[in-house]
Amino acid sequence: DGGITQSPKYLFRKEGQNVTLSCEQNLNHDAMYWYRQDPGQGLRLIYYSQIVNDFQKGDIAEGYSVSREKKESFPLTVTSAQKNPTAFYLCASSIRSGSTEAFFGQGTRLTVV
Amino acid sequence: DAKTTQPPSMDCAEGRAANLPCNHSTISGNEYVYWYRQIHSQGPQYIIHGLKNNETNEMASLIITEDRKSSTLILPHATLRDTAVYYCIVREINTGNQFYFGTGTSLTVIP
């Protein structure tokens with residue numbers, strides 16, 4: 001089945017540690033996105049990539065890093081520089097342009113203690 | 001910048017139509033209107049999208065005003081499983097701009 005997979009679903013880390021969240025898609029989509037969601041809030045864009053080896057900052061990129069070495073994969077690293085990393089992280093993918101929807105993964109809930 | 005305005009919450013009786021409004025007064029000619037919904041702690045689910053004509057699929061109908069400054073998502077017969085946060089989004093289609101989400105409308109379907 002085609003889809004977008006995030007792993008793990010729940011992740012716990014100690015403060016000061018970097019952590020990488022996985023996002024894989026087999027939809028042959030060029031564009032991929034990372035969003036952060038805090039309790040009771042909407043989704044805020046962290047980074048997006050429209051093509052392999054290229055990505056742009058979203059509204060809240062500070063303290064995060066990404067890579068796009070393969071079309072299928074867009075991992076997000078939450079660095080120790082992120083002041084409030086505990087959140088729900090969502091990955092999405094879409095065709096680069098045109099009137100088509102984005103498909104979302106089921107999210108990773110990161111808790112930093 | 002979300003570019004859309006939605007009421008924060010709404011209630012709807014089970015079996016009745018749920019009409020969710022969205023204002024997008026600054027929408028440009030090549031921007032589509034998309035609707036997604038999110039059930040607690042899950043990824044958003046695509047519902048429907050349109051440019052200027054009304055659209056209908058198996059989940060919902062989308063009514064866009066003639067001036068395109070507002071739209072309404074209609075769930076014709078709401079069920080308890082339709083309780084979710086509904087997001088209205090505008091997206092420019094030619095340059096592959098990202099999907100900007102606002103805070104959405106929390107719909108509660110009441111038995």
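Look above for the structure.
Computed from a prediction, not measured in an experiment: that's the story for all the values here.

(A) Quick look at the overall build of chain A. What chain A contains, in helices and strands, is zero helices and eleven strands. Listing every helix and strand of chain A by position from the N terminus yields β-β-β-β-β-β-β-β-β-β-β. In summary, chain A has a C-alpha radius of gyration of 13 Å against a globular reference of 13 Å for 113 residues, a match within 12%. Within chain A, the proportion of its 113 residues that are buried is 49%. Of the contacts formed within chain A by residues at least 6 apart in sequence, a portion of 52% connects residues at least 24 apart.

(B) The arrangement of the layout of surface pockets in detail. Taken as a whole, the largest pocket encloses approximately 430 Å³ of empty space. Surrounding the largest pocket, 24 residues form its lining, Gln37(A), Pro39(A), Gly40(A), Gln41(A) and His40(B) being those nearest its centre. Here the residues of the lining of the largest pocket are counted per class, giving ten nonpolar, twelve polar and two charged. Each pocket or cavity is described by its volume, and for the second largest pocket that value is around 160 Å³. What lines the second largest pocket is a set of 14 residues, among which Glu15(A), Gly16(A), Gln82(A), Pro85(A) and Val112(A) lie closest to the centre. Taken together, the residues that form the lining of the second largest pocket break down as four nonpolar, six polar and four charged.

(C) Local environment of the state of the cysteines. Per the counting criterion, the structure on display carries two disulfides over all chains. In this model Cys23(A) forms its disulfide with Cys91(A); the gap between the sulfur atoms is 1.9 Å. In this structure, the disulfide formed by Cys23(A) and Cys91(A) twists by about -75° around the S-S bond and is classed as left-handed. Highlighted residues: Cys23(A) in strand S3 (residues 19-25) and Cys91(A) in strand S9 (residues 87-94), separated in sequence by 68 residues. Relative accessible area serves as the criterion here: at 0%, Cys91(A) is assigned to the buried category. At a sulfur-sulfur separation of 2.1 Å, the disulfide partner of Cys22(B) is Cys88(B). As the torsion about the S-S bond is roughly -85°, the Cys22(B)-Cys88(B) disulfide counts as left-handed. Of the two residues, Cys22(B) sits in strand S2 (residues 18-23) while Cys88(B) sits in strand S8 (residues 84-92), which places them 66 residues apart along the sequence. The same class applies to Cys22(B) and to Cys88(B), which are both buried. Of all cysteine sulfurs, the one in Cys22(B) lies closest to Cys12(B), which takes part in no disulfide; the gap is 18 Å.

(D) Region of the structure containing the nonpolar core. In terms of nonpolar packing, the biggest core is built from 21 residues, with Trp35(B), Leu73(B), Tyr86(B) and Leu107(B) touching the most fellow members. Here this core takes four residues from S8(B), the largest share from any one element. When near neighbours in sequence (up to four residues on either side) are disregarded, Leu73(B) contacts Ala18(B), Asn19(B), Leu20(B), Trp35(B), Ile47(B), Ile48(B), Ala60(B), Ser61(B) and Tyr86(B). Ranked by size, the runner-up nonpolar core spans 20 residues in total, among them Ala61(A), Val66(A), Ala87(A) and Cys91(A).

(E) Molecular detail of the interface of chain A and chain B. Counting from both sides, the interface comprises 26 residues of chain A and, opposite them, 24 residues of chain B. Of the roughly 1,900 Å² buried between chain A and chain B, counting both surfaces, carbon and sulfur atoms make up 49%. At the boundary of chain A with chain B, the tally comes to zero salt bridges. Between chain A and chain B we count five residue pairs in polar contact (both at pLDDT 80 or more) in total. Those elements that provide at least two residues to the side of chain A that touches chain B are strand S4 (31-37), strand S5 (43-51) and S9 of chain A. When residues in the side of chain A that touches chain B are grouped by element, the largest group, four residues, is from S5(A).

Conventions we followed
Residues numbered from 1 in each chain as written. Chains lettered and ligands numbered in written order. Predicted model: local features only at pLDDT ≥ 70, side-chain atom pairs only at ≥ 80, totals over all residues. Heavy atoms only, no water. Helix = DSSP H or I, 4+ residues; strand = E, 2+ residues; numbered from the N terminus. Rg over C-alpha atoms; globule rule 2.2 N^0.38 Å. Buried < 20%, exposed > 50% of the residue type's maximum accessible area, 1.4 Å probe, protein only. Contact = heavy atoms within 4.5 Å. 1 Å grid on protein atoms, 1.4 Å probe; cavity = no way out; pocket = protein on both sides within 12 Å on 5 of 7 lines; lining within 4 Å. Points joined across faces, edges and corners; volume = space filled by probe spheres on them. Nonpolar A, V, L, I, M, F, W, Y, C, P; charged D, E, K, R; others polar. Disulfide = S-S within 2.5 Å. Core = buried A, V, L, I, M, F, W, Y, C linked by side-chain atoms within 4.5 Å. Buried area = accessible area lost by both parts, 1.4 Å probe. Salt bridge = Lys/Arg side-chain N within 4 Å of Asp/Glu carboxyl O. Polar contact = N/O pair within 3.5 Å; in protein donor to acceptor, adjacent residues only side chain to side chain.

By themselves, these figures tell us nothing about what the structure is for.
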